[in-house]
Amino acid sequence: MRDLKHLIFFEDLLQEANNALVKEAKAAGKKALGYTCYFIPEVLLDLEGCFGVRLRAPRCTSPDIATYYMSGRTCHYGRSLLERALEGGYNFLDAQMATETCTVTCRFQEHLQMMDVIKNPGFFCEFTDVPFKKTANSIEHYEKQLRAHVLNPISERFGIDTSDEALLRAIERHNELCALITEIGDHRKEDNPNITGYEFHVIQLVSLVCPKELILPYIRETAEELRTREPDPKPWFRCRVLLSGSENDDPGFTQLIESCGAMVVADRYCYGSIPGREQIAIGEGESPLRAIARHYIATSECPRYMEQHVMRERKKHLADWAKEYKADGIIVESNKFCEYWSYERTIDTIVLKRDFGIPVCSIEKEYINSASGQLRTRFQAFVESIEIKQIQEGK
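All figures in this text were calculated on a predicted structure; none of them were measured in a lab.

## Here's the deal with the packing of aromatic side chains
Move 1: Under the criterion given, the structure shown has twelve aromatic pairs.
Move 2: A centroid spacing of 6.2 Å and a plane angle of 70° characterise the contact between Y38 and F39, whose relative ring orientation is edge-to-face. By the burial criterion, Y38 is buried, and F39 matches it.
Move 3: Seen from their ring centres, F39 and Y142 are 6.4 Å apart, and the 85° between their planes marks the pair as edge-to-face. With F39 in the loop between β1 (31-35) and α3 (42-45) and Y142 in helix α7 (residues 136-158), this residue pair connects regions lying 103 residues apart in the sequence.
Move 4: Through successive ring pairs, a cluster of aromatic residues spans Y38, F39, Y142, Y296 and Y305.
Move 5: One Lys or Arg, R188, reaches over the ring of F200 and ends 3.9 Å from the middle of that ring.
Move 6: A cation sits over an aromatic face here: K189 above Y325, 5.1 Å from the ring centre.

## Some words on the sheet that holds β1
Move 1: The strand order across the open sheet formed by four strands is β2-β1-β3-β4, and the pairing between neighbours is parallel. Strands with a single pairing partner mark the edges of an open sheet, and in this sheet they are β2 (50-54) and β4 (124-128). The average angle at which neighbouring strand axes cross in this sheet is 25°, direction not considered.
Move 2: Taken together, the five bridges between strand β3 (residues 95-99) and β4 define a ladder with parallel strand orientation. Each residue of the ladder has a partner; that of A98, found in β4, is F127.
Move 3: The sheet strands contacting α7 are β1, β2, β3 and β4, and the helix crosses β4 at an angle near 165°.

## Structural notes on the pattern of salt bridges
Move 1: Evaluated as defined, the whole model comprises 32 salt bridges.
Move 2: Across the pair D46 and K212 runs a salt bridge, and its minimum N-O distance is 3.2 Å. With a gap of 166 residues between them, D46 in the loop between α3 and β2 and K212 in helix α10 (residues 212-226) connect regions that are remote in the sequence. Here D46 matches K212 in class, with each residue buried.
Move 3: K326 is the partner of D191 in a salt bridge, and the nearest nitrogen-oxygen pair spans 2.9 Å.

## Regarding the nonpolar core
Move 1: Among the nonpolar cores identified, the biggest contains 89 residues, and L44, L47, Y90, F108 and I219 are the most heavily contacted of them.
Move 2: The next biggest cluster of nonpolar side chains, apart from the first, holds 19 residues, and it includes L242, V265, I274 and C338.

## Description of the sheet that holds strand β8 (residues 360-365)
Move 1: With parallel pairing, four strands are arranged side by side in an open sheet as β6-β5-β7-β8. Strand pairing shows two members of the sheet lacking a second neighbour, β6 (262-269) and β8, which therefore form its edges. On average, adjacent strands in this sheet sit at an angle of 25° to one another, irrespective of strand direction.
Move 2: Two strands pair when backbone bridges link them, and strand β5 (residues 239-245) and β6 are joined in this way by seven bridges, in the parallel orientation. When the sheet's bridge partners are listed, R240 is paired in β6 with M263.
Move 3: Strand contacts of helix α11 (residues 251-259): β5, β6, β7 (329-335) and β8, with the helix running at about 145° to β6, the strand carrying the most contacts.
Move 4: Each of β5, β6 and β7 touches helix α13 (residues 308-324); the most contacted strand, β5, lies at about 150° to it.

## Digging into the packing of helix α9 (residues 197-209) against α11
Move 1: Between α9 and α11, the shortest axis-to-axis distance is 8 Å and the interhelical angle comes to 170°. One finds that α9 runs roughly antiparallel with respect to α11. Facing G197, Y198, H201, V202 and L205 of α9, the residues of α11 in contact are P251, T254, Q255 and E258.

## Let's talk about the packing of α11 against helix α15 (residues 372-392)
Move 1: Relative orientation of the contacting elements α11 and α15 amounts to 45°, with a least axis distance of 9 Å. In terms of orientation, α11 lies oblique with respect to α15. The handedness of the crossing between α11 and α15 comes out as right-handed. Here α11 contributes F253, L256, I257 and S259 to the contact with α15, which in turn contributes S372, L375, R376 and F379.
Move 2: Residue classes in the contact of α11 with α15 are distributed as five nonpolar, two polar and one charged.

## Some points on a nonpolar patch on the surface
Move 1: Together, I65, Y68, Y69 and L86 make up an exposed nonpolar region whose accessible area comes to about 430 Å².
Move 2: By residue number, the principal contributor to the nonpolar patch is helix α4 (residues 64-70), which donates three residues.
Move 3: By the element assignment, I65 lies in helix α4.
Move 4: Assessed through its relative accessible area of 48%, I65 is described here as partly exposed.

## So, the state of the cysteines
Move 1: Enumeration according to the criterion identifies zero disulfides in this entry.
Move 2: Left without a disulfide partner, C178 is nearest to the cysteine sulfur of C210, which lies 15 Å away.

## Focus: unusual backbone geometry
Move 1: Following I274, the chain continues to P275 via a peptide bond in cis, the omega torsion being -5°.
Move 2: By the element assignment, P275 lies in the loop between β6 and α12 (288-299).
Move 3: Even without glycine at this site, F337 takes up a positive phi of about 75°.
Move 4: Summarising the element assignment, F337 is placed in the loop between β7 and α14 (339-356).
Move 5: Here F337 falls in the partly exposed class, since its relative accessible area comes to 37%.

Thresholds applied
- Residues numbered from 1 in each chain as written.
- Predicted model: local features only at pLDDT ≥ 70, side-chain atom pairs only at ≥ 80, totals over all residues.
- Heavy atoms only, no water.
- Phe/Tyr/Trp six-rings, centres within 6.5 Å; stacked < 30°, edge-to-face > 60°.
- Buried < 20%, exposed > 50% of the residue type's maximum accessible area, 1.4 Å probe, protein only.
- Helix = DSSP H or I, 4+ residues; strand = E, 2+ residues; numbered from the N terminus.
- Lys NZ or Arg CZ within 6 Å of the ring centre and 35° of its normal.
- Pairing = 2+ DSSP bridges.
- Axes fitted to C-alpha atoms, helices over the stretch in contact; angles between N-to-C directions.
- Contact = heavy atoms within 4.5 Å.
- Salt bridge = Lys/Arg side-chain N within 4 Å of Asp/Glu carboxyl O.
- Core = buried A, V, L, I, M, F, W, Y, C linked by side-chain atoms within 4.5 Å.
- Parallel < 35°, antiparallel > 145°, perpendicular 65-115°, else oblique.
- Left-handed = near helix turned anticlockwise from the far one by under 90°.
- Nonpolar A, V, L, I, M, F, W, Y, C, P; charged D, E, K, R; others polar.
- Patch = residues over 30% accessible without salt bridge, like charges linked within 9 Å, V, L, I, M, F, W, Y side chains within 5 Å.
- Areas by Shrake-Rupley, 256 points an atom, 1.4 Å probe, with all protein chains shown as cover.
- Disulfide = S-S within 2.5 Å.

Next up, the structure:
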């Protein structure tokens, strides 16, 4: 396939949190709001006058200083973020919108709040409490939290318009982006897709880490390009897999899987598009903020929801997505010391094969992949096992 026009530009944008488009928006006087979790709705951070940046720490391989503060037995992702903050990589931030969700990312953001880490006058950190259940009371509580800890602070400190009219405009822009990303991702459902999992991973990531109004023109052009892009005459992959798991903002991990012959056709992980790129619908008589709160509670597939029926629904959703995207198997990954996903990965490994007959490869990894040789061996063996299964089934 011919190269995507903007792929190299997109890859460059992922090299640093303070990328070229972030610098352009900051130069125009807009406020940069950092976040790490799906439960801080990016649509609220993209109101006029500000923009959201989902934090990453690319190429952070030795979070030594952060380990002093957080211990070596905590998630490498959270330590890497703190290491990058201590290096000055997030000094462009005007605020950090935190959540009390993942323990280690919560601790990272507590360090931002308690220590003089971000060298930006006026920087502040706000914590939003996120419910553990998907009920009407949960939505009401979550809506109040978003008002108190996201909308009110940016309105009072930065003068951002947080009216219902402003929220409706932000939802409209957000839905356009979601529609484009979904259209691009749907190409992966084809028998011979005209996009790779790596390319989609890069496109999805830049949509999270760049100001929306600046990245949207490039996303629109890429979507238009893919409508006429011809795939290779013969599929380059040996099997198709769904990738599920914890924080995964490293396209190199997807690239490693695909170099072993397995195309990543669906991305059900933190920073992925499933969920994440569903359009927000406003019900009759519903306020924009209530619609946003309901949407993010309803669409989340986070393993912090531990009610039995919700856990079973997550397994069914994974199996349904595997069928929709024609995946031959599922790779479930978790970052080392990730409490929620360590349990989820173990359960998925058993249930998906036992109840749905789907081959599963279970991987525990570091945030940045230093053991690529060992991972390559695991992925190659998984691909071969899927091929053997297909031969035995006469496919």
